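Next come the chains, spelled out residue by residue.
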Amino acid sequence: MATLSLQHIDKIYDNNVQAVFDFNLDVKDGELIVLVGPSGCGKSTTLRMVAGLEDISAGRLFLDGKDITVTPAKDRDMAMVFQNYALYGHMTVYENMAFSLTLRKENPNVIHKKVLAAAEILGLTSQLNKKPAQLSGGQRQRVAMGRSIVRNPKVFLFDEPLSNLDAKLRGATRREILLLHKRLGATMLYVTHDQTEALTLADRIVCMSMGYVQQVGTPLELYDSPANTFVAGFIGLPPMNFYDMTVSAGELAGEGFKVALTAEEQDTLRAYNGKTIILGVRPEDIAEGPDVPVTVTTNENLGMNTLVHGHIGASKAASAKISAKLKGWCDYKNGDTVTFSFKRKHFFDKETTNAIRKGE
Ligand code: ADP
């Protein structure tokens, strides 16, 4: 059993940089939470405050209902897996994994059992006598995880654990972490700047920007109903397209194109008649259709899909750029003209950048 509660947590560093503002989150037992956002948004700082590696400037932190705001790191019963593995080069895999238990002077038989069990879970059984230098990056990462597993901590903390791995290994290790989470049923907090990792791993995502939590929700909630243009642009690849549009009865008018609104969309935008809003359209929600004239610049075949980049009408302005992810194999050339339609639209308030939702 391990629940975490972060309540109104701030972090102000000694140089007066405020890295985290009013962070609130209740982590359920066994939940895998991914903190995601661009570099410098305060993810690691938050994780390090949970670990006890940074002081909490304001707010409270609870583990299983117990206030651990000022509890030293070593007494928090958490294990952190870093991106640089931090393995001891002179020790074997076995010794690396056993190290924290040996320090605690656990019974050698118990240590042996725990190390073998962790090695089994991680597929490291045949590597136990090797030194870290003899292992691949992926195997080293697993040893680092093994060191955490043997301690049977209440909470696992991961700080960008895959960022030193190449793309293929990243995918494989990501799936291993997912299986590990299922198998251990452990509460985990995982930091990454990679939206794909967030979408594929998380039970719930915490999306951050500039020290503030922008949205907390399941991957589908963040993808389907982003709270604002930041989340909308950060989650999803290629990123969502955004256009300033004027709302009038029945349609939206932008630079060089118009799109019709369904009755339901008109209802959602009722309070915005005559005003400018931000229209968001995901590349995968665009298809060939009669509505939006586009001049193609590049055509990227991905096999199942084609990424078509271009601009709306004849405009070369950055605001007129468009990226579409079309089904199947397309062969557009630079300069081709095509028309697209938007299958799904997201609306955002121009002033607040918050999503405009029906009935709000
Ligand atoms: P992220 O993990 O999202 O990349 P960090 O939590 O590392 O972001 O950093 C958040 C902000 O805090 C950044 O502006 C960073 O420069 C600043 N920061 C991080 N560590 C320190 C520190 N030890 N002293 C002062 N500022 C720091």
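Residues numbered from 1 in each chain as written. Predicted model: local features only at pLDDT ≥ 70, side-chain atom pairs only at ≥ 80, totals over all residues. Heavy atoms only, no water.

Relative orientation of the contacting elements helix H3 (residues 108-122) and helix H4 (residues 137-150) amounts to 135 degrees, with a least axis distance of 9 Å. With respect to H4, the axis of H3 lies oblique. Regarding H3 and H4, the two cross each other, and that crossing is right-handed. Across from Lys-114, Val-115, Ala-118 and Leu-122 in H3, the residues of H4 making contact are Arg-142, Met-145, Gly-146, Ile-149 and Val-150. Classifying every residue of the contact of H3 with H4 gives six nonpolar, one polar and two charged. (Axes fitted to C-alpha atoms, helices over the stretch in contact; angles between N-to-C directions. Helix = DSSP H or I, 4+ residues; strand = E, 2+ residues; numbered from the N terminus. Parallel < 35°, antiparallel > 145°, perpendicular 65-115°, else oblique. Left-handed = near helix turned anticlockwise from the far one by under 90°. Contact = heavy atoms within 4.5 Å. Nonpolar A, V, L, I, M, F, W, Y, C, P; charged D, E, K, R; others polar.)

What follows covers the site of the ligand. What surrounds the ligand is the set Tyr-13, Asn-15, Ala-19, Pro-38, Ser-39, Gly-40, Cys-41, Gly-42, Lys-43, Ser-44 and Thr-45. Here Gly-42 contributes a backbone N or O atom positioned 3.0 Å from an oxygen atom of the ligand. At 2.9 Å, a side-chain N or O of Lys-43 approaches an oxygen atom of the ligand. Surface burial for the ligand is 61%, taken as the share of its 560 Å² of free accessible area covered by protein chains. Ranked by residues supplied to the shell around the ligand, first place goes to helix H1 (residues 43-51) with three residues. The class makeup of the residues in the shell around the ligand is four nonpolar, six polar and one charged. (Near = heavy atom within 4 Å. Polar contact = N/O pair within 3.5 Å; in protein donor to acceptor, adjacent residues only side chain to side chain. Areas by Shrake-Rupley, 256 points an atom, 1.4 Å probe, with all protein chains shown as cover.)

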